[in-house]
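# Overview (structure and organization)
As a plain string of letters, each chain reads:
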Amino acid sequence: MIMMLPFLTALIAIGLTMRGERTPTIIAWGITFLIFLAWLQYHMTDTLNISL
């Protein structure tokens, strides 16, 4: 469910772009980028459970 969030915000940004709203589009893309950065940080620092 949470991994759907960046795709939802990207869809909102695309919708705003198609309507021609420049400033809200930039804000929506920024929010999407921050979500991707947060998930990247979480997954890069998470420990792998691969011990036998």
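Relevant structure appears above.
### Quick notes on the packing of aromatic side chains
- By the definition in use, this model includes two aromatic pairs.
- Ring geometry for F7 and F36: centres 6.2 Å apart, planes at 85 degrees, overall edge-to-face. Of this pair, F7 sits in helix α1 (residues 4-19) while F36 sits in helix α2 (residues 22-45), and the two are 29 residues apart along the sequence.
- Since its relative accessible area comes to 55%, F7 is described here as exposed.
- Judged by relative accessible area, which is 38%, F36 ranks as partly exposed.
- An angle of 90 degrees between the planes, with centres 5.4 Å apart, marks the rings of W39 and Y42 as edge-to-face. Here Y42 and W39 lie together in helix α2, a separation of three residues that amounts to about one turn.
- On the basis of relative accessible area, Y42 is assigned to the partly exposed category, the value being 44%.

Conventions we followed
Residues numbered from 1 in each chain as written. Predicted model: local features only at pLDDT ≥ 70, side-chain atom pairs only at ≥ 80, totals over all residues. Heavy atoms only, no water. Phe/Tyr/Trp six-rings, centres within 6.5 Å; stacked < 30°, edge-to-face > 60°. Helix = DSSP H or I, 4+ residues; strand = E, 2+ residues; numbered from the N terminus. Buried < 20%, exposed > 50% of the residue type's maximum accessible area, 1.4 Å probe, protein only.

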